Amino acid sequence: QMTASAGGIDIIGTGSTGDDVNITAVSGGTSIHLLATNSTETDAITLTAAAGGIDISGGSGGDIDIASVGKSVNISSSENAANAIYLHTDGGTQETIRIHNDRGTVDNSIEILSDLGGIDIQTANTSFGIKIGDDTSGVPIAIGHSGSTVTIPGTLAAGSISYSALTVSQEAAAATATVLTLDQ
């Protein structure tokens, strides 16, 4: 046990390579806690690598949980490169990645936003495809804005559709006179 009643405690490793400072709990059932009990600072606990990276890894017996009570969890990167933030799983055929808002009731309770670039959603599985709003009947799906162009390059298959009014129009500069074709 190390205690400082009025000052700090510094643990410094000055070696040039390898694991210079280790804090280890080796017995079964033991754990390591970093705890700031009275600090109200926004950086009450800080992990910093001045020149290298930081790895957080968990063994096969437990998950890695990041939680904040009453505050936000913010993950950011300033790297100017592809995959600057990368969420990846590679554990097997039953793995999933889920983004879940449990209580938000506003119309953008989950928002995916790109200020200057595009958004690309892809799948390589032609059996499952990309599903939007297919779990609950009657969910309205809005695509585009009144001034947007919505392009569907492949075949659009629709179920039963009913409208009280339907308007199909064509831009004046369109290269073809065909406005709408309906086939069985």
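Scroll up to find the structure.
Residues numbered from 1 in each chain as written. Predicted model: local features only at pLDDT ≥ 70, side-chain atom pairs only at ≥ 80, totals over all residues. Heavy atoms only, no water.

Colleague: Give a detailed account of the overall build of the protein, specifying residues and quantitative values.
Modeller: Regarding its fold elements, the protein presents zero helices and zero strands. Taken over the C-alpha atoms alone, the protein extends approximately 80 × 35 × 35 Å along its principal axes. Split by element, the accessible area of the protein, about 18600 Å² in all, is 48% carbon and sulfur. Of the side-chain charges in the protein, 4 are positive and 20 negative, and the distance between the mean point of each set is 14 Å. (Helix = DSSP H or I, 4+ residues; strand = E, 2+ residues; numbered from the N terminus. Areas by Shrake-Rupley, 256 points an atom, 1.4 Å probe, with all protein chains shown as cover. Lys, Arg positive; Asp, Glu negative; His and termini not counted. Charge placed at Lys NZ, Arg CZ, Asp CG, Glu CD.)

Colleague: I'd like to hear about unusual backbone geometry, residue by residue, with values.
Modeller: Residue Asn83 is not a glycine yet carries a positive backbone phi of 60°. Classification of Asn83 by relative accessible area gives exposed; the value is 57%. (Buried < 20%, exposed > 50% of the residue type's maximum accessible area, 1.4 Å probe, protein only.)

Colleague: So what's going on with the environment of His33? Which residues, and what values?
Modeller: For His33, a relative accessible area of 65% puts it in the exposed group. Taking the C-alpha atoms as reference points, His33 and Asp10, 23 residues apart in sequence, are found 17 Å from one another. Among the polar contacts made by the side chain of His33, one reaches the side chain of Ser31 at a distance of 3.0 Å. (Polar contact = N/O pair within 3.5 Å; in protein donor to acceptor, adjacent residues only side chain to side chain.)

Geometry only, nothing functional implied.
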